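Read off the chains here:
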Amino acid sequence: MMYTIEKLKVNYKTLEEFKKFREYGLQELSMLEDLEANIIEDDSVSPFYGIYFGDKLVARMSLYKVEKKFDRYFEPAQDYLELWKLEVIADYQNKGYGKALVEYAKSFGLPIKTNPRVKSKEFWNKMGFSTVSYEMERDLGENPLVWYPQGVKEQSH
């Protein structure tokens, strides 16, 4: 099934739609703080992407581009994407929405880093993500997963 991924506008309508997600209120997953900090009515310069079912936002993620000079994960060093806050509303899970968002992120052709939520590692493994060698200073208690496009591998330290 094909899904249309939309860049979400930074506006109050999007803010209201975010409140319908199960993880609403959990600081590490809530995009509300990001959104409120950036609100300019209908601003399309946004890191947020989503999938609508009818007029209801049912899946979302944020994608941030990290510049090459900050790359401590990939060889050769390069710009990469950080995928955050991927979530699908409970009634719409297991229908391909999460997969569609991840495939969209992969379509940029850049390596991707994410910090998976509890109990989601199996999903990320199916999507081709793998663990990196843990480095205390770099990872700061996180357990990042990464996706490597062709010709990219883990940075050796």
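Throughout this document, residue positions are counted from 1 along each chain, in the order its sequence is written. Two thresholds apply to this predicted model, a pLDDT of at least 70 for residue-level local features and 80 or more for giving and counting side-chain atom pairs, whereas whole-chain, interface and lining totals are computed over all residues. Remark: hydrogens and water are excluded; side-chain values derive from all non-hydrogen atoms of the structure.

Participant: What is the right way to read the overall build of the protein chain from this model?
Facilitator: Secondary structure assignment for the protein chain yields five helices and nine strands. Numbering goes from the N terminus for both helices and strands, where a helix is a DSSP run of H or I of at least four residues and a strand is a run of E of at least two. Along the protein chain, helices and strands appear, N-terminal first, in the series β-α-α-β-β-β-β-α-β-α-β-α-β-β. We call two residues in contact whenever any of their non-hydrogen atoms come within 4.5 Å of each other. Sequence-distant contacts in the protein chain: of pairs separated by 6 or more residues, those separated by 24 or more amount to 64%.

Participant: Teacher, can you tell me more about the nonpolar core here?
Facilitator: A general tendency of soluble globular proteins is for nonpolar side chains to be buried together. Among the nonpolar cores identified, the biggest contains 32 residues, and Ile 51, Met 61, Leu 83, Tyr 97 and Phe 129 are the most heavily contacted of them. At the level of secondary structure, the elements contributing two or more residues to this core comprise strand 2 (48-53), strand 3 (56-66), strand 5 (80-88), helix 3 (97-106) and strand 8 (145-147). Phe 74, Tyr 80, Val 132 and Val 152 belong to the second-largest nonpolar core, a separate cluster that totals seven residues. In these notes, a set of buried Ala, Val, Leu, Ile, Met, Phe, Trp, Tyr and Cys residues joined through side-chain atoms within 4.5 Å is what counts as a nonpolar core. Between buried and exposed lies partly exposed: a residue is buried under 20% and exposed over 50% of the maximum accessible area for its type, with that area taken using a 1.4 Å probe on protein chains only.

Participant: What is the right way to read the pairing of strand 5 from this model?
Facilitator: Here is the key point about a regular strand: its side chains alternate between the two faces of the sheet. Counting buried residues in strand 5 gives eight out of nine residues, a clear majority hidden from the surface. Two strands pair when backbone bridges link them, and strand 3 and strand 5 are joined in this way by seven bridges, in the antiparallel orientation. The residue of strand 5 that forms the bridge with Ala 59 is Val 88. Between any two strands, pairing holds if DSSP finds at least two bridges. As defined by bridge partners, strand 5 adjoins strand 6 (residues 112-114) across three bridges and the pair is classed as parallel.

Participant: Sorry, what's going on with the environment of Arg 138 here?
Facilitator: Within the fold, Arg 138 resides in helix 5 (residues 136-139). In the structure, Arg 138 is positioned 65 residues away from Tyr 73 in sequence and 9.0 Å away in space, judged by C-alpha atoms.

Participant: Got a minute to help me understand the sheet that holds strand 8 in this structure?
Facilitator: Reading across the sheet, the seven strands line up as 1-2-3-5-6-8-7 and stay open at both edges, with mixed pairing between neighbours. Each edge of the open sheet carries a strand with a single partner, namely strand 1 (5-7) and strand 7 (130-131). By the bridge criterion, six bridges tie strand 2 to strand 3 in an arrangement that is antiparallel. Within strand 3, the residue paired with Phe 48 across the bridge is Ser 62.

Participant: What should I look at first to understand the packing of aromatic side chains in this one?
Facilitator: To describe a pair of aromatic rings, one takes the distance between the centres and the angle between the planes. We call Phe, Tyr and Trp rings a pair once their centres come within 6.5 Å, taking the six-membered ring for Trp, and we label the pair stacked below 30 degrees between planes, edge-to-face above 60, and tilted otherwise. Applying the stated criterion across every chain, the model contains 10 aromatic pairs. Geometrically, the ring pair formed by Tyr 49 and Tyr 104 is tilted, given 5.4 Å between the ring centres and 50° between the ring planes. With a gap of 55 residues between them, Tyr 49 in strand 2 and Tyr 104 in helix 3 connect regions that are remote in the sequence. Linked through ring pairs, Tyr 73, Phe 74, Tyr 80 and Tyr 148 together constitute an aromatic cluster.

Participant: What exactly am I supposed to notice about the environment of Gly 96 here?
Facilitator: If you trace the backbone, Gly 96 turns up in the loop between strand 5 and helix 3. According to the relative accessible area criterion, Gly 96 is partly exposed, its value standing at 30%.

Participant: Help me understand the confidence of the model for the protein chain in this model?
Facilitator: If pLDDT is low for a region, its predicted coordinates should not be looked at in detail. Averaged over every residue, the pLDDT of the protein chain is 83; the share at 70 or more is 82%. Think of pLDDT as the predictor's per-residue confidence, scored from 0 to 100. Across the protein chain, the secondary-structure element scoring lowest on mean pLDDT is helix 2 (residues 32-38), at 60, and the one scoring highest is helix 3, at 96. For residues 24-29, every residue scores under 50 in pLDDT, and the model assigns this stretch 10 contacts once sequence neighbours within four places are set aside.

Participant: Help me out: how do you make sense of unusual backbone geometry in this one?
Facilitator: With the exception of glycine, most residues fall at negative phi, and the peptide bonds are largely trans. Residue Pro 76 is reached from Glu 75 by a cis peptide bond, and omega for that bond is 0°. Here Pro 76 is to be found in the loop between strand 4 (74-75) and strand 5. Positioned with a positive phi, Lys 85 is a non-glycine residue whose angle comes to about 55°. Turning to its location among the elements, Lys 85 is positioned in strand 5. Here Lys 85 falls in the buried class, since its relative accessible area comes to 14%.

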